[in-house]
Amino acid sequence: MEKVIEENKQGTSLVLENKEGNSKKLFIESYGCAMNFSDSEIVASILANEGYNTTQKLEEADLVLVNTCSIRDKAEQTVRKRLEKYNAVKKINPGMKVGVLGCMAERLKSQFLEQEKIVDMVVGPDAYKDIPNLLKEVDEGRDAINVILSKDETYGDISPVRLLSNGITAFVSITRGCDNMCTFCVVPFTRGRERSREPQSILEEINDLASRGFKEVTLLGQNVDSYLWYGGGLKKDFEKATEMQKATAVDFAQLLDMCAIAHPKMRFRFSTSNPQDMHEEVLHIIAKHPNICNYIHLPVQSGSTRILQEMNRQHTREEYMTLVDKIKTIIPGCSISQDMITGFPTETEEDHQDTLTLMEYVEYDFGYMFAYSERPGTLAARKMEDDVPEEIKKRRLQEIVDLQQKLSHKRTSRFLNETVEVLIEKPSKRSDAHWSGRNSENVVVVFPKENYKVGDFVMVKINDCTTATLIGEATGYSDMN
């Protein structure tokens, strides 16, 4: 649940420039978090070398892949409906192959292949390099499966094809897997144990993006703060490392510092953070560099210490509040966003009130709020009764959403009459005459186009706001250009 799921991107079919000489067609669709969309770029890169160009026409595809998410039941149901659609098309085009990638693939492998027989191929998050071999298995009439979780695969040697890119902002994956056994979350079981990517390969990917005109990079991982490179291997095995490995290890604060220094004209963000691993040194690095955005996504899940313990979160309400105090002291004006689950098993009205008062204390800029839905395979599903009635979950969720709306409006209002730096990303959805971009605090800003262009860093005077958008007018270029 600690992964930002952007609803407007769900089910996007990805397309990239055709590679000359490629004759086969790949249709690839993604659901879930940014990690899944990033993984689809890796898969497209691997398959481009196997003769596949992407298409957005399902009917003409030789290979159809869906990159899946197991975080919420809604995502799984959507994917099942899509698989029904693929199979209807497959009856007309029997040569078409269908494969499931990602988290849901790992969890439902036998159902998909053996019981329901709705796919030809199942590929887990650590097995994408094996896709060419799996396709050969399918060609020879066998079902193909590889969901083995790796201790060292980070895809650091593959340069992802940028799919649906605006050419300005990009995700760069720095860790894979997760060691936090939160009772509501299936990620450690579908993506494996945590391991970090070699720093040089990260910097090389960012160098390549910079050379192609990209202006902002988001460092990505299930839990970026616990990034730790000591020569390879699992994070949990660091204690067995040699003295030399420990002395030369690179942690997240150091990596962030290296990125900011290497590219002073590029803006950096990161996602997702875990409160237990958000070290103070990271905050000082953010404060030190003007090109690291003043924005931290800091999932809390509940404001009740008792519920946090039930969730196996490694922090209390009080520890979280202390961390927020540090953020506000070291990075004044920093935006903080949340993930919140309401209606977790045994949650009482008092626990719910604890969540609301925590929200008021932090004054989140925005959030991702969900009613608890039991995920098969998690500890909560095995050991806890989903005992909060649906109508109570809905009412509590609405109260959380309503409060967040108030807080969001208060937080965007603080920019009124201020001048902020904005990276232009695209035309505004509502008006062709306006640009849309984000400021350092991750708030969307719209303003008249004038002579500016996508990729420019522009200073914008803010004259008005809604709960989620700032409205203003440009006053000139910023020093970042």
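This text follows the structure it describes.
Residues numbered from 1 in each chain as written. Predicted model: local features only at pLDDT ≥ 70, side-chain atom pairs only at ≥ 80, totals over all residues. Heavy atoms only, no water.

A. Representation of the nonpolar core within the structure. Counting residues in each nonpolar core, the largest one holds 51 residues, and the members touching the most others are Ile206, Leu219, Phe252, Leu256, Phe270, Ile296 and Tyr364. The residues touching Ile296, leaving out its near neighbours within four places in the chain, are Phe270, Ser273, Met278, Leu283, Ile286, Ile327, Ile331, Cys334, Ser335, Ile336 and Ser337. Core analysis: the next-biggest nonpolar cluster, separate from the first, contains 21 residues, Val79, Leu113, Ile118 and Val122 among them. (Core = buried A, V, L, I, M, F, W, Y, C linked by side-chain atoms within 4.5 Å. Buried < 20%, exposed > 50% of the residue type's maximum accessible area, 1.4 Å probe, protein only. Contact = heavy atoms within 4.5 Å.)

B. Representation of the environment of Ile285 within the structure. Among the secondary structure elements, Ile285 is positioned in helix α10 (residues 280-288). Along the primary structure Ile285 and Ala260 are separated by 25 residues, whereas in three dimensions their C-alpha atoms are 9.1 Å apart. Not counting the four nearest positions on each side in its chain, Ile285 is found in contact with Ala253, Leu256, Asp257 and Ile292. (Helix = DSSP H or I, 4+ residues; strand = E, 2+ residues; numbered from the N terminus.)

C. Structural detail: the packing of α10 against helix α12 (residues 317-330). Running from N to C, α10 and α12 cross one another at 25°; their axes reach a closest spacing of 10 Å. When the axis of α10 is compared with that of α12, the two are roughly parallel. Where α10 crosses over α12, the two elements pack in a sense that is right-handed. Between α10 and α12, the contacting residues are Glu280, Leu283, His284 and Ala287 on the first element and Lys326, Ile327 and Ile330 on the second. Of the residues contributing to the contact of α10 with α12, the split by class is 4 nonpolar, 1 polar and 2 charged. (Axes fitted to C-alpha atoms, helices over the stretch in contact; angles between N-to-C directions. Parallel < 35°, antiparallel > 145°, perpendicular 65-115°, else oblique. Left-handed = near helix turned anticlockwise from the far one by under 90°. Nonpolar A, V, L, I, M, F, W, Y, C, P; charged D, E, K, R; others polar.)

D. View of the sheet that holds strand β11 (residues 216-220). Across the sheet, which stays open at both edges, the 3 strands sit in the order β8-β11-β14 with parallel pairing between neighbours. Of all the strands in the sheet, just β8 (169-173) and β14 (267-271) have a single pairing partner and so form its edges. Across the sheet, the axes of successive neighbouring strands diverge by a mean angle of 25°, strand direction being ignored. Where β8 lies against β11, 5 bridges are found, and the strand directions are parallel. Residue pairing for β11: Thr169 is matched across the bridge by Glu216. (Pairing = 2+ DSSP bridges.)

E. Focus on the pairing of strand β18 (residues 419-427). Of the strand pairs in this sheet, β18 and strand β21 (residues 457-465) are connected by 5 bridges, and their pairing is antiparallel. Residue Val422 lies in a different strand from β21, and its bridge partner there is Val458. Where β18 folds back onto strand β19 (residues 434-439) in an antiparallel hairpin, the turn is made up of 6 residues.

F. Examining the pattern of salt bridges more closely. The final tally for this structure, using the stated rule, is 26 salt bridges. Between Lys288 and Asp257 there is a salt bridge; the shortest N-O distance is 3.1 Å. Residue Lys288 is located in helix α10, and its partner Asp257 is located in helix α9 (residues 252-262); the two are separated by 31 residues in the primary sequence. Between Glu399 and Arg395 there is a salt bridge, with the nearest N and O atoms lying 3.3 Å from each other. (Salt bridge = Lys/Arg side-chain N within 4 Å of Asp/Glu carboxyl O.)

G. View of the sheet that holds strand β20 (residues 444-448). Spatial ordering of the closed barrel is given by β18-β19-β20-β22-β21, a layout of 5 strands whose pairing is mixed. Going across the sheet, the axis of each strand differs from the next one's by a mean of 55°, ignoring polarity.

H. Broad picture of unusual backbone geometry. Looking along the chain, the bond that leaves Ser271 and enters Thr272 is cis, with omega of 5°. Position of Thr272 among the secondary structure elements: in the loop between β14 and α10. In this model, Gln301 sits at a positive phi of 80°, which is unusual for a non-glycine residue. Among the structural elements, Gln301 can be located in the loop between β15 (295-297) and α11 (305-310).

I. The arrangement of the environment of Leu58 in detail. When you line up the elements, Leu58 lands in the loop between β3 (52-54) and β4 (63-68). Looking at Leu58, the relative accessible area reads 6%, which means it is buried. Setting aside anything within four residues of it in sequence, one finds Leu58 in contact with Phe27, Val64, Lys85, Tyr86, Val89 and Met96.

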